[in-house]
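A structural walkthrough
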Amino acid sequence: MSVLPLVFTSGWASGINAYAVVLLFGVFGATGLSDEVPESLQRTDVLVTAGVLFLFEAVADKIPYVDSAWDTAHTVIRPVSGAVVAALLAGESGSLPELAAGAVGGSTALLSHLVKAGTRMAVNTSPEPFSNAGVSIAEDLGVAGIITFAVFNPVAAAVVAGVLLLLGLVTVLFLASRIRRFLRRRAQRREEKRMAGAGRRWPHD
């Protein structure tokens, strides 16, 4: 069977939480639950690094405004990780060219990352801080569930990932006004900090 469904699903999940994807695939491969996982993802140093970074993300992802800063920093990391994981899966399977797999995984990861980042911007316009933690937990559980499902039923998991990606894109369009509000607030904060810094450097008599 072609590894394409698994590649697509891993790309979607990488755009949400790349470290969880690497960690889960590595654990599934190391424990023998899946033969599709390349040995490079099962290495102890890779698992430890992914585990530590996952813990960092688990904390940062639940703090208002910190989550959006974290998303900005991962705009390149998540798509690249999605492309690398996809290429490794294709290389292990041999049923799909690695370059094509990397393109699918990377582009899918980029789209799901943009959905995640846009949704978080909208959530950050809410005055209460608890929605961030709720959304983050839902994302973590979703990634864990769909990667686990993909290991045992890759085609069905890819269908679910495709539906979630489509729904996410529609949701971001629906939340466009809130996203613009968040961006205005962030720009205003930066301007206020810049002006405050300028005032400290050039104090008035």
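Residue indices follow the written sequence of each chain, beginning from 1 at its first position. Owing to the predicted nature of the model, reporting of local features is limited to residues with pLDDT of at least 70; listing and counting of side-chain atom pairs is limited to 80 or more, with chain, interface and lining totals taken over all residues. As a rule here, side-chain values come from all non-hydrogen atoms in the structure, and water together with hydrogens is ignored.

Concerning the side chain of Thr108
The line we're drawing: A run of H or I in DSSP counts as a helix once it spans at least four residues, and a run of E counts as a strand once it spans at least two, with each numbered from the N terminus. Polar contact is the term for a pair of N or O atoms within 3.5 Å; when the atoms are in protein, one must be able to donate a hydrogen and the other to accept it, and sequence-neighboring residues count only if both atoms are side-chain atoms. Every residue pair with non-hydrogen atoms within 4.5 Å of one another is taken to be in contact.
Mapped onto the secondary structure, Thr108 falls in helix α5 (residues 98–123). Here Val104 takes part through its backbone oxygen, which lies 2.7 Å from a polar atom of the side chain of Thr108. With residues up to four places along the chain from it excluded, the contact list for Thr108 reads Phe8, Gly11, Trp12 and Leu165.

Some remarks on a positive patch on the surface
The cut-off we apply is this: For patch detection, residues must exceed 30% relative accessible area and be free of salt bridges, and they are connected within 9 Å for like charges or within 5 Å for nonpolar side chains (Val, Leu, Ile, Met, Phe, Trp, Tyr). Surface accessibility follows the Shrake-Rupley procedure with a 1.4 Å probe radius. Residue values consider only the protein chains on display as shielding. Any carboxyl oxygen of Asp or Glu that lies within 4 Å of a side-chain nitrogen of Lys or Arg is treated as forming a salt bridge with it. His residues and chain termini do not enter the charge count, which takes Lys and Arg as positive and Asp and Glu as negative. Every charge is mapped onto a representative atom, which is NZ of Lys, CZ of Arg, CG of Asp or CD of Glu.
A contiguous patch of positive charge on the surface is contributed by Arg178, Arg180, Arg181, Arg184, Arg185, Arg189, Arg190 and Lys193. Mapped onto the elements of the fold, Arg181 is located in helix α8 (residues 176–201).

A closer look at the pattern of salt bridges
Under the convention used in this document: Accessibility here uses a 1.4 Å probe with only protein chains present; expressed as a share of the type maximum, an area under 20% marks a residue as buried, one over 50% as exposed, and anything in between as partly exposed.
On inspection of all chains with the given rule, the structure shows nine salt bridges. A salt bridge links Asp140 to Lys62; its shortest N-O distance comes to 3.3 Å. Of this pair, Asp140 sits in helix α6 (residues 130–152) while Lys62 is found in the loop between α2 (44–60) and α3 (66–73), placing the two residues 78 residues apart along the sequence. Judged by its relative accessible area of 18%, Asp140 falls in the buried class. For Lys62, a relative accessible area of 23% translates into the label partly exposed.

That's the geometry; what it means functionally is another story.
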